Amino acid sequence: VDALQHLFERCVDQFVLHDGEPPGSDTAAIELGDVPPGRSVADKHVHGVFDPDDPGRLIAVLESVAGYPDASTWFLGLLLIDPAHRGGGLGATMLSGFESMATGLAFTQVRLAVIRPNSAGRRFWERHGFVLEATREQRPFGLLVHDVDVLVHRLGS
């Protein structure tokens, strides 16, 4: 929890973009227990990458929920990388490993949601084969309200 909280605090730019405010002191603990309706924390997976030069320092996290919203789909809820480590391919490497794991467990697609103001994130997902499936308008996030695009990537395509 502490390592994740420190990563969240270094990624304040993403929290301000998404929620309109920095992460709270309990954001990591909340994130680790947050699951969508009909799922349990047993369905939640949190994968982290630690700095090889500072093994206690989390530099990236990928959070997901297996079997949501249906049995063949793995929902990717968060991919967050320390600003000092962005742009070097770490996100692509994490996504590739995640999709290989999901494929090996017989999931057929990965789904995620990206807020409209996150144009850099949207470009990243599209470069990796994600396509628009639906749009959800006017969803609340912290202090802000965003239109949200739901993207899907069919595994093996």
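Our subject is the structure that appears above.
Now for a quick tour of the structure. (Residues numbered from 1 in each chain as written. Predicted model: local features only at pLDDT ≥ 70, side-chain atom pairs only at ≥ 80, totals over all residues. Heavy atoms only, no water.)

The next point concerns the pattern of salt bridges. This structure, assessed with the given rule, holds eleven salt bridges. Note that R86 and D13 form a salt bridge whose closest N and O atoms lie 2.7 Å from each other. Linking R86 in the loop between β3 (73-81) and α4 (90-104) with D13 in helix α2 (residues 12-19), this pair joins segments that are 73 residues apart in sequence. Under the relative-accessibility criterion, R86 is labelled partly exposed at 32%. (Salt bridge = Lys/Arg side-chain N within 4 Å of Asp/Glu carboxyl O. Helix = DSSP H or I, 4+ residues; strand = E, 2+ residues; numbered from the N terminus. Buried < 20%, exposed > 50% of the residue type's maximum accessible area, 1.4 Å probe, protein only.)

This brings us to the side chain of H153. Here H153 is to be found in strand β6 (residues 144-154). Not counting the four nearest positions on each side in its chain, H153 is found in contact with E99, T108, Q109, V110, H128, G129 and F130. (Contact = heavy atoms within 4.5 Å.)

Taking 1.5 Å of rise per residue, the 15 residues of α4 would be expected to cover 21 Å, and the 21 Å separating its terminal C-alpha atoms lies within 8% of that figure. Of the positions making up α4, those classed as buried are L90, G91, M94, L95, F98, E99 and A102. Down the axis of α4, the smallest arc covering the buried residues is 160°, so these residues share one side. Among the exposed residues of α4, those oriented more than 90 degrees off its buried face are T93 and G104. In this structure, the buried residues of α4 make contact with β1 (44-51), β2 (54-66), β3, β4 (109-115), α5 (119-127) and β6. Once α4 finishes, A106 follows within two positions and takes phi at roughly 70°, a positive value. (Expected span 1.5 Å × (residues − 1). Arc of directions from axis to C-beta.)

Attention now moves to unusual backbone geometry. Cis peptide bonds are those with omega within 30 degrees of zero, and the linkage from Y68 to P69 qualifies with 5°. Examined against the element boundaries, P69 turns out to sit in the loop between β2 and β3. With a phi close to 70°, A106 is a non-glycine residue in the positive phi region. Relative to the assigned elements, A106 resides in the loop between α4 and β4. One non-glycine residue, Q138, lies in the positive phi region at around 50°.

Now for the sheet that holds β3. Overall, mixed pairing links the six strands, which are arranged β1-β2-β3-β4-β6-β5 in an open sheet. Two strands lie at the open edges of the sheet, namely β1 and β5 (131-141), each paired on one side alone. This sheet shows a mean twist of 30° between the axes of neighbouring strands, independent of strand direction. Against the sheet, helix α1 (residues 2-10) contacts β1, β2 and β3, and its axis sits at roughly 90° relative to β2. Against the sheet, α4 engages β1, β2, β3, β4 and β6, with an angle of about 160° to β3. (Pairing = 2+ DSSP bridges. Axes fitted to C-alpha atoms, helices over the stretch in contact; angles between N-to-C directions.)

All right, on to the pairing of β5 then. The sheet contact formed by β5 and β6 spans eight bridges and is antiparallel. Looking at the pairing, V131 lines up with V152 of β6. With antiparallel pairing between neighbouring strands as the criterion, β5 and β6 make up a hairpin whose turn holds two residues, including G142 at a positive phi of roughly 55°.

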